[in-house]
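Residue strings, one per chain:
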Amino acid sequence: MKNPATKSTDPVRIRVMILSDAIPNRNGVGTYYHDLMDYLRDELEHVEMIPARANCIFKKSRMYLPLPSDRSQHLYLPNVLRIFEQVRKERPDILVAPTLGPFALLARIVARRKKLPLVFGYHTSLNKLVGLYWRGPLGRFSSWYLKRASRVMFRHADAVVVNTDHMAAEAGALGASRVHIMGTTIARLFIENPVTPYEGRMESVLFAGRLAKEKKVMAIVEAAAALPDLRFVFAGEGPLREELEQSSKGLKNVEFTGWLSREALLERVDEADVVVLPSEHESFGSIALEAMARERLMLVSENCGILRWPDLARGLCVIREGESVTDALSRLQAASVEERIRIARTARDATHDMNRKTTEEWMNLFNSLHPRG
């Protein structure tokens, strides 16, 4: 299948370096930039990522983010000398900091010293994050610190990138003045591999992502207990893994796979009839795009940012206000085979268009920041 992103005849003479606190393919932000780079390589003279885990100090004594019971989320301190040497060697024209953290703050310092344009990614709602995980004095301090650090990045960034108009408004309220709403690209693996057409079945349900509070994964276990005719697969790791396994004991229709490679995840998506994302908050929801690209039904909560993209929303199934995951799945079961197939095909077409437009939007941004390119 032809690459759906627009490919330039000759690469634009711009060199981009991404200093990332997020681990590639480990969470939504890490996955976003890892997939985006695959398309930008066709368009730019040079693009590379400096990922946190491979460019940090104190590897054996990691500092952990204070997410309750989630020791899979690490805070890495950058190896400053190594990174400065890489900057000197590669001579980037533009720096990108995908998320707030030590690597982003280092990107700000490098950008100021080298007089380079800086793009800052604001992809997670600080208000909702603090409300979910920190309360009382710790919550107030965390909110103050994160907002203050974000304002510092906003003040020095030449552009702030968000995924939805809601996140744009939140960034604006914190002082960001140059905000760009960007779509999301999809891993070429999910786009270019031949698709097994969806035949309208309702037999298997997949959740793929962090097994965490904000994903409302316990509601999926409740659905598994109420709908024994459906098979449920949890692909991922997180702080609720043990609790989920305990809650699903005795349910023969539930499987836990642990964290999967992208290739293994592709296979699981293709095996599923419905992928579900009932999150309490989701800035966008990359797994939704991946499932849609594979022509599978995608069931999301009303809190998922992907719904704020009208073309994509037409290919999504939504857990309505007052509905449980069980209710929404039962409603999909009651729909006609023809209706389910129509939704899945609409979804697939919409993702290809999003892929192309997103690459173009990023290239427009880079050209505006480095017009000599």
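Scroll up to find the structure.
Residues numbered from 1 in each chain as written. Predicted model: local features only at pLDDT ≥ 70, side-chain atom pairs only at ≥ 80, totals over all residues. Heavy atoms only, no water.

Draft legend 1. Quick peek at the side chain of asparagine 253. Within the element layout of this structure, asparagine 253 appears in the loop between helix H9 (241–247) and strand E13 (254–258). Discounting residues that sit within four places of it in the chain, asparagine 253 has contacts with Ala224, Leu227, Pro228, Leu230, Arg231 and Phe232. (Helix = DSSP H or I, 4+ residues; strand = E, 2+ residues; numbered from the N terminus. Contact = heavy atoms within 4.5 Å.)

Draft legend 2. Quick look at the pattern of salt bridges. Summed over the entire model, instances satisfying the criterion amount to 28 salt bridges. One salt bridge connects arginine 210 with glutamate 214, and the closest N-O pair in it is separated by 2.8 Å. For arginine 210, a relative accessible area of 11% gives the class buried. Overall, the relative accessible area of 11% leaves glutamate 214 in the buried class. A salt bridge links arginine 331 to glutamate 323, with the nearest nitrogen and oxygen atoms 2.8 Å apart. Note on arginine 331: relative accessible area 25%, which makes it partly exposed. Look at glutamate 323 and you get partly exposed, because its relative accessible area is 22%. Here the salt bridges do not stand alone but share partners, grouping Asp38, Arg41, Asp42, Arg188 and Glu192 into one network. (Salt bridge = Lys/Arg side-chain N within 4 Å of Asp/Glu carboxyl O. Buried < 20%, exposed > 50% of the residue type's maximum accessible area, 1.4 Å probe, protein only.)

Draft legend 3. Focus on the sheet that holds strand E10 (residues 179–181). Strand order in the open sheet formed by six strands is E2-E1-E7-E8-E9-E10, and the pairing between neighbours is parallel. Of all the strands in the sheet, just strand E2 (44–51) and E10 have a single pairing partner and so form its edges. Strand-to-strand twist in this sheet, taken as the mean axis angle between neighbours without regard to direction, amounts to 20°. By the bridge criterion, three bridges tie strand E1 (residues 12–20) to strand E7 (residues 94–97) in an arrangement that is parallel. (Pairing = 2+ DSSP bridges. Axes fitted to C-alpha atoms, helices over the stretch in contact; angles between N-to-C directions.)

Draft legend 4. Spotlight on a nonpolar patch on the surface. Nonpolar side chains collect at one region of the surface, where Leu105, Trp144 and Tyr145 lie side by side and expose about 310 Å² of accessible area between them. Secondary-structure assignment places tryptophan 144 in helix H5 (residues 136–156). (Patch = residues over 30% accessible without salt bridge, like charges linked within 9 Å, V, L, I, M, F, W, Y side chains within 5 Å. Areas by Shrake-Rupley, 256 points an atom, 1.4 Å probe, with all protein chains shown as cover.)

Draft legend 5. Structural context of the environment of asparagine 253. What makes asparagine 253 buried here is its relative accessible area of 11%. Along the backbone, asparagine 253 and alanine 225 are 28 residues apart, and their C-alpha atoms lie at a distance of 8.4 Å. Only 2.9 Å separates the side chain of asparagine 253 from the backbone oxygen of leucine 230, close enough to count as a polar contact. (Polar contact = N/O pair within 3.5 Å; in protein donor to acceptor, adjacent residues only side chain to side chain.)

Draft legend 6. Broad picture of the packing of helix H11 (residues 286–293) against helix H14 (residues 337–369). Packing of H11 against H14 brings their axes to within 7 Å, and their N-to-C directions diverge by 115°. Considering the relative orientation of H11 and H14, their crossing is left-handed. Between H11 and H14, the contacting residues are Leu289, Met292 and Ala293 on the first element and Ala344, Ala347, Arg348, Thr351 and Met354 on the second. In terms of residue class, the contact of H11 with H14 is built from six nonpolar, one polar and one charged. (Left-handed = near helix turned anticlockwise from the far one by under 90°. Nonpolar A, V, L, I, M, F, W, Y, C, P; charged D, E, K, R; others polar.)

Draft legend 7. A look at the layout of surface pockets. The computed volume of the second largest pocket comes to approximately 240 Å³. Secondary structure elements with two or more residues in the lining of the second largest pocket: helix H8 (218–226) and helix H13 (325–334). Its residues assigned to classes, the lining of the second largest pocket shows four nonpolar, six polar and seven charged. (1 Å grid on protein atoms, 1.4 Å probe; cavity = no way out; pocket = protein on both sides within 12 Å on 5 of 7 lines; lining within 4 Å. Points joined across faces, edges and corners; volume = space filled by probe spheres on them.)

Draft legend 8. Up close: the packing of aromatic side chains. Tallied over the full model, the rule gives seven aromatic pairs. On the basis of an interplanar angle of 75° and a centroid distance of 6.1 Å, the ring pair of tyrosine 33 and tryptophan 362 is categorised as edge-to-face. Placement of the pair is tyrosine 33 in helix H1 (residues 28–40) and tryptophan 362 in helix H14, with a sequence separation of 329 residues. Just as tyrosine 33 is buried, tryptophan 362 falls in that class too. For the ring pair phenylalanine 207 and phenylalanine 234, a centre distance of 6.3 Å and an interplane angle of 50° mean the geometry is tilted. Taken together, the positions of phenylalanine 207 in strand E11 (residues 204–208) and phenylalanine 234 in strand E12 (residues 231–235) put the pair 27 residues apart, joining distant regions of the chain. Judged by relative accessible area, phenylalanine 234 falls into the buried class, the value being 0%. Three or more aromatic residues link up through ring pairs in this structure, and these residues are Tyr32, Tyr33, Trp362 and Phe366. (Phe/Tyr/Trp six-rings, centres within 6.5 Å; stacked < 30°, edge-to-face > 60°.)

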